[in-house]
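Understanding the architecture of this molecule
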Amino acid sequence: KAGVTQTPRYLIKTRGQQVTLSCSPISGHRSVSWYQQTPGQGLQFLFEYFSETQRNKGNFPGRFSGRQFSNSRSEMNVSTLELGDSALYLCASSFTGEVHYGYTFGSGTRLTVV
Amino acid sequence: QKEVEQNSGPLSVPEGAIASLNCTYSDRGSQSFFWYRQYSGKSPELIMFIYSNGDKEDGRFTAQLNKASQYVSLLIRDSQPSDSATYLCAVNKGDNYGQNFVFGPGTRLSVLP
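Residues numbered from 1 in each chain as written. Chains lettered and ligands numbered in written order. Predicted model: local features only at pLDDT ≥ 70, side-chain atom pairs only at ≥ 80, totals over all residues. Heavy atoms only, no water.

1. A look at the interface of chain B and chain A
At the junction of the two partners, chain B supplies 17 residues and chain A supplies 18 residues. Both sides together, the interface formed by chain B and chain A hides about 1500 Å², and carbon and sulfur atoms give 52% of it. Taken together, chain B and chain A are joined by zero salt bridges. Where chain B meets chain A, there are four residue pairs in polar contact (both at pLDDT 80 or more). Breaking the side of chain B that touches chain A down by element, the ones donating at least two residues are strand 4 (32-38), strand 5 (45-50), strand 9 (85-92) and strand 10 (101-103) of chain B. The greatest single-element share of the side of chain B that touches chain A, amounting to three residues, is contributed by strand 4 of chain B. Of the residues that constitute the side of chain B that touches chain A, the class distribution is ten nonpolar, six polar and one charged. (Contact = heavy atoms within 4.5 Å. Buried area = accessible area lost by both parts, 1.4 Å probe. Salt bridge = Lys/Arg side-chain N within 4 Å of Asp/Glu carboxyl O. Polar contact = N/O pair within 3.5 Å; in protein donor to acceptor, adjacent residues only side chain to side chain. Helix = DSSP H or I, 4+ residues; strand = E, 2+ residues; numbered from the N terminus. Nonpolar A, V, L, I, M, F, W, Y, C, P; charged D, E, K, R; others polar.)

The following block contains the structure:
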C-alpha cells in the first residue's frame, strides 16, 4: 500500500512569505501529525489532527497552523516566515485505536528560508 | 531535565558486535515506547515498539523496557555497516486527547567494517 506522501520535497522561501505543505496519509489512517526537525532541536511536535479536528498542539507560535480534510489529507501553513523556520517538516500518519502502533513518516519537506 | 534523553554518540562498534542504545524518560505515566532509525537525509522509520516491562525481540533487534527505572534500550545483534544511522527513542505520553509523542535527540551509531 502507498506510504505517506508529502509535497513539495523542497522549498525555498523569503522571510515574511507564507508557505503551505501538504500530506496524504496512508489509506485508512485517520491521524496525521506534523513535526519539525532541526539539527539543534531534534524532532519537535507541531500538532496532530484526527477526523478533521486538531487534537494536540505543541509549543509553536500561532504562525504555524494546519488543517485536515475529510479524506484525512492534511496541510500545514506557516505565515510570516522567519529564518529560524528553516527545517525539515515531517508528516506522520498513524492508525489510532486502543493501541498505538507508531508513526509512519513521509519523506518530509525541506524548507529553506532566506 | 529533558523529557526523553539519549546519549548523542557517536557510538562506534565493530561489525558483528552488539550495539546497545539507551534511553531514559521523565514522565512516569508514559505508556508506550518506540525506536526509530533515521539514515542521513532520510525520514525516521519505525524499528519496533514496546509496551510491557521486559524484552521484546524482532530479528536482530531487542527492545528492553524497565518502567520502574524509566529506562528503555535497544540492542542490535550482529551489527552491520548498514545499521549505521541515528536511532531515535520516542515516548508516547498517552494523553487522553490524543497521542503526543516526544522524541529523544537520537544516538548516532557507526558500525565499522
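Past the structure itself, the notes keep going.
2. Notes on the layout of surface pockets
The calculated volume of the largest pocket comes to roughly 1100 Å³. Taken together, 40 residues form the lining of the largest pocket, with Q41, G42 and L43 of chain A together with G104 and P105 of chain B sitting closest to its centre. Considering every element that reaches the lining of the largest pocket, the biggest residue donor is strand 5 (residues 42-50) of chain A, with four residues. Classifying every residue of the lining of the largest pocket gives 15 nonpolar, 19 polar and six charged. (1 Å grid on protein atoms, 1.4 Å probe; cavity = no way out; pocket = protein on both sides within 12 Å on 5 of 7 lines; lining within 4 Å. Points joined across faces, edges and corners; volume = space filled by probe spheres on them.)

3. Here's the deal with the sheet that holds strand 7 (residues 64-68) of chain A
Residues and elements named next belong to chain A. Across the sheet, which stays open at both edges, the four strands sit in the order 1-3-8-7 with antiparallel pairing between neighbours. If you trace the sheet from one side to the other, it starts and ends with strand 1 (5-7) and strand 7, each paired once. Each adjacent strand pair in this sheet contributes to an overall mean axis angle of 15°, direction not counted. In this sheet, strand 8 (residues 74-78) lies alongside strand 3 (residues 19-24) in antiparallel orientation, the contact comprising five bridges. For V19, the partnering residue across the bridge sits in strand 8 and is V78. (Pairing = 2+ DSSP bridges. Axes fitted to C-alpha atoms, helices over the stretch in contact; angles between N-to-C directions.)

4. Section: the side chain of E48 of chain A
Within the secondary structure, E48 of chain A sits in strand 5. Among the polar contacts listed, one links the side chain of E48 of chain A to the side chain of S31 of chain A, at a separation of 2.7 Å.

5. Considerations on the packing of aromatic side chains
The geometry of an aromatic ring pair is captured by the separation of the ring centres together with the interplanar angle, meaning the angle of the planes. Residue and element names in this part refer to chain B. Within the structure shown, the criterion is met by 17 aromatic pairs over all chains. Both rings, one in Y36 and one in F103, keep their centres 5.5 Å apart while their planes meet at 55°; by these two values the pair is tilted. Taken as a pair, Y36 in strand 4 and F103 in strand 10 lie far apart in primary sequence, 67 residues in all. As far as the burial class goes, Y36 and F103 line up, both buried. (Phe/Tyr/Trp six-rings, centres within 6.5 Å; stacked < 30°, edge-to-face > 60°. Buried < 20%, exposed > 50% of the residue type's maximum accessible area, 1.4 Å probe, protein only.)

6. A look at the pattern of salt bridges
Counted by the stated rule, this structure contains eight salt bridges over all chains. Note that E75 of chain A is salt-bridged to R73 of chain A, the shortest N-O span being 3.4 Å. When its relative accessible area of 16% is taken as the criterion, E75 of chain A is described as buried. With a shortest N-O distance of 2.9 Å, R60 of chain B and D83 of chain B are connected by a salt bridge. Here R60 of chain B, found in the loop between strand 6 (54-58) and strand 7 (61-66), pairs with D83 of chain B, found in the loop between strand 8 (71-76) and strand 9; they are 23 residues apart in sequence, far enough to count as distant. On the basis of relative accessibility, which here comes to 1%, the residue D83 of chain B falls in the buried class. One connected set of salt bridges, linked through shared partners, spans R63, E82 and D85 of chain A.

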